[in-house]
Structure formats: structure tokens, C-alpha cells
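# A closer look at the structure
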Amino acid sequence: MSQFPDGFLWGAATAPHQVEGGNVNSDMWHAEWAKGSHFAEPSGDACDHYHRYPEDMTLLADLGLNAYRFGVEWSRIEPEEGFFSRAALDHYRRMVGACLERGITPVVTLSHFSTPRWFAAAGGWSNDAAADRFARYAGRVAAHLGDLVPWMSTFNEPNLVSMMVHIGLVPAAARDEPLGRSNSTDPEPARQSDSGAAWPSHSVDVMATAHRKAVEAIKSGPGDPAVGWTLALVDLQPADGGEQRWRAVRQSALLDWLEVSRDDDFVGVQTYTRERIGPDGILPVPEGVATTQTGWEVYPEALGHTVRLAAEHARVPVLVTENGMATADDDARVAYTCAALGGLAGCVADGVDVRGYLHWSLLDNFEWTSGYQMTFGLIAVDRTTFERTVKPSARWLGKVARANGLT
Ligand code: NOJ
């Protein structure tokens, strides 16, 4: 049996826009309904998790899992600039309370891609006031929930666009384009990321400044949450002749961001696959190699590799905040997760300070521009009735959690 440390967090993750439903004040909602939208379908009612969270948390706890990563939605909490909804804040406090009642440790994300429409309309992250706006929001959330939340993350995958630019998935020009795309009816910008039109194509400096100010705001509130951000850590590997490019990409898409975490309490690692970098950029997955619904190579070794990278460069404890695969084959999900956890156990055995593993995702949910066809969930959701069906992979992960190791 592979052992994990006492108190290890075993759980699953979601993001508000992907599961709550009816997120009408967000830039994403707007982008989904814009003329020429590149979203396969709108998010609509999503999984109705906004109302069904008690049932979902009960399922999670009954499986034997002890942690839940979810997000609070800025566009609900501050639907107009400067108006903070007490009702929305209370809602999220109830969610945190519902976790604690069930023995679940809440891990709360403040920004998971979606932003309020007013924020996007004002230029989003490229507006000079963005960092202060975000920090003010973070401070309000911390004031309302901080006493009950042990783990808080400011941004989800702030490095994602940077990485996509550097590995050649989006044109280099995208990096410096103005933000706040959501109010544009031009469909072009929506092609630039897998989550749609309106989210940041910012530099590490812009996001690190917003992060730092938000951390300060959170730390001056009640409680003592561990604060960090969670990064998209694709396992980047050099192919023949690609070493120089790989080094440059790795630096600007991963290492520059990991170094920001040195002043944090932890770093969130989010890993799904590897990408191989040739002299001209990312190489296609070779013929015959198994891929997921998202077209990514099935490569569970990525988790161990990137956790080691994160620990080495961030030099703070690691929390795996996402890992998983989009597949209709639940046995394949178990096989992937088992292999990934084997790699993670190897990290622990080598002394890497890993605090938990949160699978993506608790529910089959809205996979951004791909809509509902990509099924990452441990629990299926009927698209008409919202009925939940626990998959065997969820029960398997629950067993691993109860044993605190692979049997
Ligand atoms: C990372 C993102 O945080 C999440 O929103 C997304 O659904 C998963 N990756 C899968 O693509």
C-alpha cells in the first residue's frame, strides 16, 4: 500500500461557472450568448449546484472523501462595481458550513476564469484598477468566510493563456491583446482560449500584483487561511531539437509563475497531460497514442513530474487542486487516476511536502467552449433532471481515501 501523510486531503473540485447554473452577470454567460459564439452550447442551468450543493457534498462525504474545492463567483458577489451582495456572500458561507458539518475541508477559489461583466467591460485585467478591484473583492470574501476556510486560492490557472501562447496554441499576439472581450460581438477572440472570450491574456506581473494585493487583503481578515494560487502545470518535455524552445517556454509559462508562489503558503498543482515541444512549438500527439475526449494524451505520469517541479521551484507545500481525465470510459478514469496517484505517492516517499489530492471533477460539468460533451466527473449529472449518478471511479477514489493509500 502506498501511504500518504496523516491528515492528507482527499477530495474533488468544481468551479462556480461550470456547475452552479444561471451565472448571468458573468462575462462568460455573455460570451456564450454572443453572436458567433465559439461555445458549443451555453452553460444554462449547468448542474444546478447553486441549489443542490448540500446533496453533492453529502455524496462526496459518503464516498469517504474529506475535502472539496469549489469557487465563489465574483459576478454574483459583486454584480455591479462596488455593490457587494450580502445574500450571495451568505450563500457561500452556508456552503462552507455545509462542508464543515459533513467533515469536509473546504478549499475555496476566488477567481476561476469568469469575471463580472462590468469588470470585463472596463478592460478586465488590463485596466490599471484591476488589481485593486480584485483585492477589494477578495477582502470582502475573506471578511465573510475567512474564519471558516483553511485553504484559499486567489486565481485559478492565471498562467494558462501564457502557456498557450508559448506552446503555440494561440498566436503570440494574443498575449498582449486588450481584455474584456465579453462585450465584443466579434467571435474571433473567442478562439484564443479554451474557456472563451473574456478572460485574461495578461502577463505574470499583472496577475502577480493582483494576487499579492489579494493575499494581503485576505490575511488582514479573520481566520488564518493558507493562501496561494493554483497553476496549470502541463508536463512540458523537450523533443529532439526542441531543447532551447522548451527551456524558454518552461521558464515563462511555468517557472516564472511558480516563483511567485515562494511568498505563499502553498501552491496548487493542476495537471492533466504532457506536451512535447519541438523546434517550432508543440508537437501533435503521435498516431496510435491513447487520448482523452479533450484530445490530450493519456499521460498520468504528468502528475508526479509536475508536483516535483512545483515543489522544487515554488519551495512551498503542494496541494494537487486538479487532476483527472475527460472520458466516457470510467475504467479508464480509474486506471489513469491510479497511475497518477502512484506517481504522487513516489513524490511523498521522496520527501516532497504534498498536502492533498483533489480530483477534477466532482461532477460532469460545463467544460467551457466544449460544453457538456466532455465528462470529467466522478458523478454523472442528467442534463434534464439534474439527477446525480455516482460512478464506480468515485467509489474507487473513496476507498483510496479511506485507506489513505493505494491498495
Ligand atoms: C482546468 C480548469 O481549471 C478547469 O476549469 C477545466 O475544466 C479543467 N482544467 C479541464 O479542462
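Residues numbered from 1 in each chain as written. Predicted model: local features only at pLDDT ≥ 70, side-chain atom pairs only at ≥ 80, totals over all residues. Heavy atoms only, no water.

### Looking at helix α11 (residues 301–314)
The first and last C-alpha atoms of α11 sit 20 Å apart over 14 residues, in line with the 20 Å expected at 1.5 Å per residue. Of the residues making up α11, those classed as buried are Ala302, Leu303, Gly304, Thr306, Val307, Leu309, Ala310, His313 and Ala314. Arginine 315 sits one or two residues past α11 and shows a positive phi near 60°. (Helix = DSSP H or I, 4+ residues; strand = E, 2+ residues; numbered from the N terminus. Expected span 1.5 Å × (residues − 1). Buried < 20%, exposed > 50% of the residue type's maximum accessible area, 1.4 Å probe, protein only.)

### Comments concerning the state of the cysteines
On inspection of all chains with the given rule, the structure shows zero disulfides. Left without a disulfide partner, cysteine 338 is nearest to the cysteine sulfur of cysteine 347, which lies 15 Å away. For cysteine 338, a relative accessible area of 32% translates into the label partly exposed. (Disulfide = S-S within 2.5 Å.)

### Some thoughts on the nonpolar core
Ranked by internal contacts, the top residues of the largest apolar core, which has 107 residues, are Trp10, Val307 and Leu344. Ignoring sequence-local partners within four residues, the contact set of tryptophan 10 consists of Phe4, Leu65, Asn66, Ala67, Leu341, Tyr357, Leu358, Leu397, Val400, Ala401, Asn404 and Gly405. Among the nonpolar cores identified, the runner-up in size contains eight residues, and Trp151, Ala226, Leu319 and Leu358 belong to it. (Core = buried A, V, L, I, M, F, W, Y, C linked by side-chain atoms within 4.5 Å. Contact = heavy atoms within 4.5 Å.)

### Overview of the pairing of strand β7 (residues 267–271)
Two faces, one strand: in a regular strand the side chains alternate between the faces of the sheet. Across the five residues that make up β7, a large majority, five, are buried. Of the two faces of β7, the one holding Val267, Val269 and Thr271 and the one holding Gly268 and Gln270 are both buried throughout. The pairing of strand β5 (residues 226–232) with β7 spans three bridges and is parallel. From the neighbouring strand, leucine 231 faces β7, where its bridge partner is valine 269. Relative to strand β10 (residues 318–323), β7 is paired through five bridges, and the arrangement is parallel. When the bridges of β10 are listed, valine 267 appears paired with valine 318. (Pairing = 2+ DSSP bridges.)

### Remarks on the sheet that holds β7
Overall, parallel pairing links the eight strands, which are arranged β1-β2-β3-β4-β5-β7-β10-β11 in a closed barrel. In this sheet, neighbouring strand axes are inclined to one another by 25° on average, regardless of whether the strands run parallel or antiparallel. As judged from the four bridges shared by strand β3 (residues 105–111) and strand β4 (residues 151–156), these two strands associate in the parallel manner. Opposite valine 107, over in β4, you have tryptophan 151 as the bridge partner. Along the sheet, α11 contacts β7, β10 and β11 (354–360); its crossing angle with β7, the most-contacted strand, is approximately 155°. Helix α12 (residues 330–349) contacts β1 (9–13), β7, β10 and β11 of the sheet and is inclined by roughly 170° relative to β11. (Axes fitted to C-alpha atoms, helices over the stretch in contact; angles between N-to-C directions.)

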